[in-house]
Amino acid sequence: MSDSATPATPVTFPPAFLWGAATSAYQIEGAVREDGRTPSIWDTFSHTPGRTAGGDTGDVAVDHYHRYRDDVALMADLNLQAYRFSVSWSRVQPTGRGPAVQRGLDFYRRLVDELLEKGIKPAVTLYHWDLPQELEDAGGWPERDTAYRFAEYAQIVGEALGDRVETWMTLNEPWCAAFLGYASGVHAPGRTEPAAALKAAHHLNLAHGLGTKALRSVMPARNQISLSLNTSVVRPLNPQSPADLAAARKIDDLSGGIFHGPILHGAYPETLLEATSSVTDWSCIQDGDLDTIHQPIDALGLNYYTPTLVSAADPDDKGPRADGHGASEHSPWPAADDVAFHQSPGEQTEMGWSVDPTGLHELIMRYHREAPGLPLYITENGAAYDDKPDADGKVHDPERVAYLHGHLSAVRRAIDDGAEVRGYFLWSLLDNFEWAYGYEKRFGAVYVDYVSQKRTPKSSALWYARAAKAGELPDPEGI
């Protein structure tokens with residue numbers, strides 16, 4: 001079966017395959033000053049002039065905090081079997097310390113109850129980048145204490161929801177939190193300190209381990225604990241060039257090995273430690289840390305959008321860094337100034353990311369080999385396009401339909417090749433606040449008019465609803 005399977009060759013999925021969609025708290029909830037919530041680093045960052053496109057913030061976003069019942073009803077109409085959402089840490093534990101604010105927890109209790117009533121499986125992500133500002137003021141993720149604060153927060157949420165939520169993710173894309181937040185500065189908190197970014201990565205790993213232990217201490221044994229990684233599919237520009245292969249290895253270590261090394265195998269790659277020795281001595285790793293990080297997990301979430309193409313850098317080439325992670329004079333890749341990034345060939349989304357389903361297949365098979373027998377979920381996959389309603393108010397997005405068909409076909413091929421992929425979460429359910437891009441980039445399967453807050457399912461949502469109901473991919477030309 002190829003990634004370009006035709007309608008004459010139906011692409012069918014196992015009966016137990018889970019069809020879902022995903023969102024994150026700051027991107028959709030709004031209500032940033034209600035019911036005891038205090039600022040997160042993204043509130044501070046988005047309110048800082050020049051940090052986001054158009055000065056956009058998540059103050060209102062798509063008002064999910066007040067419209068969640070309608071949104072859950074929409075999920076049911078679209079045949080979603082699962083919904084992955086994140087909890088706002090500062091809504092639950094405003095300073096990142098101390099007791100919970102029950103009004104904040106009550107929102108998530110109501111959301112979970114609404115999902116279960118509609119037969120939709122809730123999947124909770126504890127951290128999707130919105131660190132309480134008070135913890136950042138105390139040093140943020142480069143400070144070891146933040147990992148312990150996260151474990152306390154995990155226990156609070158686990159105690160509140162663990163009786164009804166069986167699927168848990170500690171962290172979403174810790175690479176972005178560490179390196180876009182603390183190295184390139186294009187994400188909150190906007191710092192540009194390479195050594196601090198590497199410390200942040202270690203403390204995020206530690207938070208995962210401590211958080212996993214905390215969740216297990218308060219939840220039923222049946223519950224599944226995992227995390228979502230966005231490790232790059234790194235390809236050398238010239239596979240025959242030793243220098244390009246070395247460049248690819250360095251970026252692979254910085255995007256993947258730095259997380260899956262300790263989490264899956266209990267050790268950081270030696271090549272990573274050597275390559276970054278000019279930036280840090282890794283003294284942040286204390287005795288026992290690796291054992292704490294290396295907790296057994298029940299599944300692994302993989303987020304994929306596009307591959308990464310690299311080569312050894314030409315010292316005379318001073319052009320912009322084409323790594324797809326925003327414009328900054330500061331690199332998100334510590335100790336990798338000798339690596340050049342290139343635009344991957346082929347069609348591109350509105351993000352400038354190439355459309356390449358083979359990369360998703362490659363990523364899945366890599367982790368099938370990395371952790372044999374570990375269940376895998378695609379916890380994010382999707383694309384931004386310039387969606388607009390037509391004269392009848394309908395939103396046609398054939399490019400996204402084709403994108404989803406191609407990438408889901410790649411998932412099915414990986415299953416055929418032996419990978420235990422148990423589900424797929426489309427990113428994203430709704431158009432929303434796209435971080436530093438503000439409201440300029442639309443990833444949603446459902447169109448949102450940001451003035452009226454009206455929701456309109458796009459062609460891709462209707463296509464995906466048919467796929468979820470039938471367990472088979474419809475003809476992409478038939479919507």
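Values in this document were obtained by computation on a predicted structure and should not be read as measured data. (Residues numbered from 1 in each chain as written. Predicted model: local features only at pLDDT ≥ 70, side-chain atom pairs only at ≥ 80, totals over all residues. Heavy atoms only, no water.)

**Q** Can you explain the UniProt feature "active site" (unreviewed entry) in the chain? Please cite residues and give values.
**A** UniProt marks E380 with the feature "active site" (unreviewed entry), using the numbering shown here. Once you skip the residues sitting within four places of it in the chain, E380 turns out to touch R84, H128, N172, E173, L302, N303, Y304, Y305, F425 and W427. Engagement of the side chain of E380 in a polar contact is seen with the side chain of R84, the distance being 3.5 Å. (UniProt positions renumbered as here; feature names shortened; annotations may be inferred. Contact = heavy atoms within 4.5 Å. Polar contact = N/O pair within 3.5 Å; in protein donor to acceptor, adjacent residues only side chain to side chain.)

**Q** Pulling in residues and values, what's your account of empty space enclosed by the protein?
**A** According to the stated counting rule, one finds 4 cavities of 30 Å³ or more in the structure shown. Volume-wise, the largest cavity comes out at about 120 Å³. The wall of the largest cavity is formed by 15 residues, among which A123, T167, M169, Y377 and F425 lie closest to the centre. Every element with two or more residues in the lining of the largest cavity is listed here: strand 3 (121-127), strand 4 (167-172), strand 5 (224-229), strand 7 (300-303) and strand 10 (376-380). Counting residues per element, the lining of the largest cavity draws most heavily on strand 3, which supplies 3 residues. (1 Å grid on protein atoms, 1.4 Å probe; cavity = no way out; pocket = protein on both sides within 12 Å on 5 of 7 lines; lining within 4 Å. Points joined across faces, edges and corners; volume = space filled by probe spheres on them. Helix = DSSP H or I, 4+ residues; strand = E, 2+ residues; numbered from the N terminus.)

**Q** Tell me about the environment of F179, residues and numbers included.
**A** You can see F179 is positioned in helix 8 (residues 174-182). For F179, a relative accessible area of 0% gives the class buried. Each C-alpha atom of the pair F179 and D449 lies 32 Å from the other, and the pair is 270 residues apart in sequence. The residues touching F179, leaving out its near neighbours within four places in the chain, are S184, A197, L198, A201, L254, I258, F259, P332 and P334. (Buried < 20%, exposed > 50% of the residue type's maximum accessible area, 1.4 Å probe, protein only.)

**Q** Mind laying out helix 15 (residues 459-470), listing which residues take part and the relevant values?
**A** Compared with the 16 Å implied by 1.5 Å per residue over 12 residues, the 17 Å span of helix 15 between its first and last C-alpha is a close match. Within helix 15 the residues assigned to the buried category are S459, S460, A461, W463, Y464, A465, A467 and A468. Check the buried side of helix 15 and you find it contacts strand 1 (18-22), helix 14 (398-416), strand 11 (421-427), strand 12 (446-448) and strand 13 (455-457). Backbone geometry just downstream of helix 15 places G471 in the positive-phi region, at approximately 70 degrees. (Expected span 1.5 Å × (residues − 1).)

**Q** Tell me about the sheet that holds strand 7, and please be specific about residues and values.
**A** Hydrogen bonds between backbone atoms are what pair the strands of a sheet, whose relative direction is either parallel or antiparallel. Ordered in space as 1-2-3-4-5-7-10-11, the 8 strands form a closed barrel in which the pairing is parallel. Strand-to-strand, the axes of this sheet are offset by a mean angle of 25 degrees, without reference to chain direction. Pairing of strand 2 (residues 82-86) with strand 3, which is carried by 5 bridges, proceeds in the parallel orientation. Bridge pairing links F85 to V124 in strand 3. (Pairing = 2+ DSSP bridges. Axes fitted to C-alpha atoms, helices over the stretch in contact; angles between N-to-C directions.)

**Q** So what's going on with the environment of R84? Residues and values would help.
**A** In this fold, R84 is placed in strand 2. With 25 residues separating them in the primary sequence, R84 and D59 have C-alpha atoms 21 Å apart.

**Q** Give me the lowdown on the packing of aromatic side chains, citing residues and values where you can.
**A** Evaluated as defined, the whole model comprises 32 aromatic pairs. Ring geometry for Y305 and W353: centres 5.5 Å apart, planes at 55 degrees, overall tilted. With Y305 in the loop between strand 7 and strand 8 (308-312) and W353 in the loop between strand 9 (339-342) and helix 13 (357-370), the pair connects residues that are 48 residues apart, well separated along the chain. W353 matches Y305 in its accessibility class, with the two residues each being buried. Each ring, one from W333 and one from F341, has its centre 5.4 Å from the other, and the planes form 25 degrees; the classification is stacked. In this structure, W333 and F341 share a single accessibility class: buried. Put simply, the rings of Y26, W42, F45, W129, F433, W435, Y439 and Y450 touch in pairs and so form one group of aromatic residues. It is R366 that lies over the ring of Y367; its NZ or CZ is 5.5 Å from the centre. (Phe/Tyr/Trp six-rings, centres within 6.5 Å; stacked < 30°, edge-to-face > 60°. Lys NZ or Arg CZ within 6 Å of the ring centre and 35° of its normal.)

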